[in-house]
Amino acid sequence: MKVKSFFVLFFLIFSSLSFSSVYKSNVKASYYAEKYHGRKTANGETFNMYAMTCAHKTLPFGTVLRVTNLSNNKAVDVRVNDRGPFVKGREIDLSKGAAQKIGMIKTGTANVRIEIVSGGNAPAAVASAKTAKNPVAATAQKGTSVSEYWDVQVGSFSSQENANKLAQGLLKEGFENVYFQKTSSAVRVVLKKVPDSKLKSTESRLRTAGHADYIVKRNS
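Residues numbered from 1 in each chain as written. Predicted model: local features only at pLDDT ≥ 70, side-chain atom pairs only at ≥ 80, totals over all residues. Heavy atoms only, no water.

**Quick word on helix 4 (residues 160-172)**
Under the convention used in this document: Starting at the N terminus, helices and strands are each numbered in turn, a helix being any DSSP run of H or I of at least four residues and a strand any DSSP run of E of at least two. A helix's residues, less one, multiplied by 1.5 Å, set its expected span. Note on exposure labels: buried denotes an accessible area under 20% of the residue type's maximum, exposed denotes more than 50%, and partly exposed covers the range between, all computed with a 1.4 Å probe on protein chains only. Summarising the geometry, the arc corresponds to the directions from the helix axis toward the C-beta atoms. Only heavy atoms enter the contact rule, under which two residues are in contact if any of them lie within 4.5 Å.
Over its 13 residues, helix 4 extends 18 Å from the first C-alpha to the last, a length consistent with the 18 Å expected when each residue adds 1.5 Å. The complete set of buried residues in helix 4 reads A163, L166, A167, L170 and L171. One face of helix 4 carries all of its buried residues, which in axial projection span an arc of 140 degrees. Exposed positions of helix 4 whose direction lies more than 90 degrees from the buried face are E161, K165 and K172. Each element contacted by the buried residues of helix 4 is listed here: strand 7 (149-157), strand 8 (178-182), strand 9 (187-195) and helix 5 (196-208). The first or second residue beyond helix 4 is G174, which carries a positive phi of 95 degrees.

**Digging into the side chain of K192**
To keep things clear, this is the line we draw: Whenever a nitrogen or oxygen atom comes within 3.5 Å of another N or O atom, the pair is scored as a polar contact, on the condition that within protein one atom can donate a hydrogen and the other can accept it, and that pairs from neighbouring residues in sequence are kept only if both atoms are in side chains.
Relative to the helices and strands, K192 resides in strand 9. Classification of K192 by relative accessible area gives buried; the value is 10%. Within polar-contact distance, the side chain of K192 engages the side chain of D151 at 3.1 Å. Apart from the residues lying within four places of it in its own chain, the contact partners of K192 are W150, D151, N177, Y179, Q181 and N219.

**As for the packing of aromatic side chains**
Put simply, the rule is: Pairing of aromatic side chains here covers Phe, Tyr and the six-membered ring of Trp, requires ring centres within 6.5 Å, and sorts the geometry by plane angle: under 30 degrees stacked, over 60 edge-to-face, intermediate tilted. Any Lys NZ or Arg CZ found within 6 Å of a ring centre and within 35 degrees of that ring's normal is scored as a charge over the ring.
This model, assessed by the stated rule, comprises two aromatic pairs. A ring pair is formed by Y32 and Y36, whose centres lie 5.6 Å apart and whose planes are at 70 degrees; its orientation type is edge-to-face. Among the residues examined, Y36 registers a relative accessible area of 33% and is labelled partly exposed. Seen from their ring centres, Y32 and F47 are 4.3 Å apart, and the 10 degrees between their planes marks the pair as stacked. Here the residue Y32 occupies a position in strand 1 (residues 22-32), and F47 occupies one in the loop between strand 1 and strand 2 (53-55), the gap between them amounting to 15 residues. Of note, R83 hangs over the ring of F61, and the distance from its end group to the ring centre comes to 4.2 Å. Directly above the ring of F175 sits R205, whose terminal nitrogen or CZ lies 4.1 Å from the centroid.

Purely geometric numbers; function is a separate question.
Shown next as structure tokens:
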């Protein structure tokens, strides 16, 4: 197999990247229910365990997420209205209703893929959703065509040598546009500008090749 051309570029993290462009895969989701039902959420709403909402530590309130259970491919759209989870290794806390939608009640946690389909700072999408029967679904539908290209971070290392090994391995496996992104503390190995049409197949190839801990960010 012909090895693709390998470009090594060093980038600082772009300050213009906001949380609303972040997309993560193979992260841990949990859920919360009766104990918090009726209490105030971090944004001042009353928590309803049957509503399609979630808690996240950093994403803006109002952000609409599509959460997919990787074990059964069931998905649900939820809106961020609370903060958490505050347990190490967990990325998102779903309401009980949302957890039921993706079949994770019995297990309590699940490895999921998270897509940001509408940011909390997108008033036009939110306003139009208010007139729909299903606001979350309407907002999600508007957000699906926002991005055309994605950057997939496959690994992050403190040493250039380890980053080189991963990059060379990816090239041998047939992946294209392998780049380095250098920060003050790490060297990241990234597949640059993966188009929407190839994102799912790229994810599948990565998982098949044993690269399960990757992060996807919208290319800007």
